[in-house]
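So the chains spell out like this:
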Amino acid sequence: MCGIVSAIARNNVVPTLLEGLFRLEYRGYDSAGLVVANEGLNRLRTTARVAELDKLASEENAMGHAGIAHTRWATHGAPSERNAHPHFSDKASKIAIVHNGIIENHEVMRKRLQAEGFKFLSDTDTEVIAHLVAFHHAKSAS
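What counts and how
- Here the residue numbers are simple positions, counted from 1 along each chain's written sequence.
- In view of the model being predicted, local features appear only for residues whose pLDDT reaches at least 70, and side-chain atom pairs are presented and counted only at 80 or more, with totals across whole chains, interfaces and linings using the full set of residues.
- To obtain the side-chain values, all non-hydrogen atoms of the structure were included, while hydrogens and water were left out.
- The secondary structure listing takes helices from DSSP runs of H or I that are at least 4 residues long and strands from runs of E that are at least 2 residues long, numbered from the N terminus.
- Residue exposure (1.4 Å probe, protein chains only): buried if accessible area is under 20% of the type maximum, exposed if over 50%, otherwise partly exposed.
- Any two residues whose heavy atoms approach within 4.5 Å at even a single point are treated as in contact.
- The definition of a polar contact used here is a pair of N or O atoms within 3.5 Å, where within protein one atom must be able to donate a hydrogen and the other to accept one, and adjacent residues in sequence count solely through side-chain atom pairs.
- Lines fitted to C-alpha atoms define the axes, with helix axes restricted to the stretch in contact, and inter-axis angles between N-to-C directions lie between 0 and 180 degrees.
- Angle categories are assigned with fixed cut-offs, so that under 35 degrees is roughly parallel, over 145 is roughly antiparallel, 65 to 115 is roughly perpendicular, and the rest are oblique.
- Take the far helix as your reference; a near helix turned counterclockwise from it by less than a right angle gives a left-handed crossing, and one turned clockwise gives a right-handed crossing.
- Residue polarity follows a fixed list, in which Ala, Val, Leu, Ile, Met, Phe, Trp, Tyr, Cys and Pro are nonpolar, Asp, Glu, Lys and Arg are charged, and the others, Gly among them, are polar.

### Comments concerning the side chain of His 106
Position of His 106 relative to the elements: it lies in helix H3 (residues 106-115). Given the relative accessible area of 8%, His 106 is considered buried. Dropping the residues within four chain positions of it, His 106 is found in contact with His 76, Asp 125 and Val 128.

Here it is, written out as structure tokens:
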């Protein structure tokens, strides 16, 4: 089962995000990840336990005032780091997405977005959302 934690604060949100994921651990998952905003987006993902994500965050000195974190139970794409959330759009890595649920028409949307030049780096249905947001953001900006 998946879980999502998000935080915005004046101080570093990484400890808050990790604490939230630690509290969700009993639910079962196959990967965990987080992204924080700090002069760009810093993403960390693992197929190990949340403790490994905590270790990565410490090693990377991950810091930010806003962020999202996720534990994933695979529905589309095998358990792997490349399929772990959060997902970015290759066109605008200013957008990070986590998602719980299933996108029924993800294969149709994937083909349409690939025709628009988007490259998919995962096998998940969630990556479609990141690319759709980037696509519509670019359309509205032009």
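### Overview of the side chain of Ser 31
Along the chain, Ser 31 turns up in strand E2 (residues 31-37). Note on Ser 31: relative accessible area 1%, which makes it buried. Side chain to side chain, Ser 31 and Asp 30 meet in a polar contact 3.1 Å long. Here Ser 31 is in contact with Thr 46, Thr 47, His 70, Thr 71, Arg 72 and Ala 84, once residues within four sequence places are set aside.

### Remarks on the packing of H3 against helix H4 (residues 126-141)
Between H3 and H4, whose axes approach to 10 Å, the crossing angle comes to 45 degrees. As judged from the angle between their axes, H3 and H4 are oblique. As for the relative orientation of H3 and H4, their crossing is left-handed in sense. In this structure, H3 contributes His 106, Met 109, Arg 110 and Leu 113 to the contact, and H4 contributes Val 128, His 131, Leu 132 and Phe 135. The residue makeup of the contact of H3 with H4, split by class, is five nonpolar, two polar and one charged.

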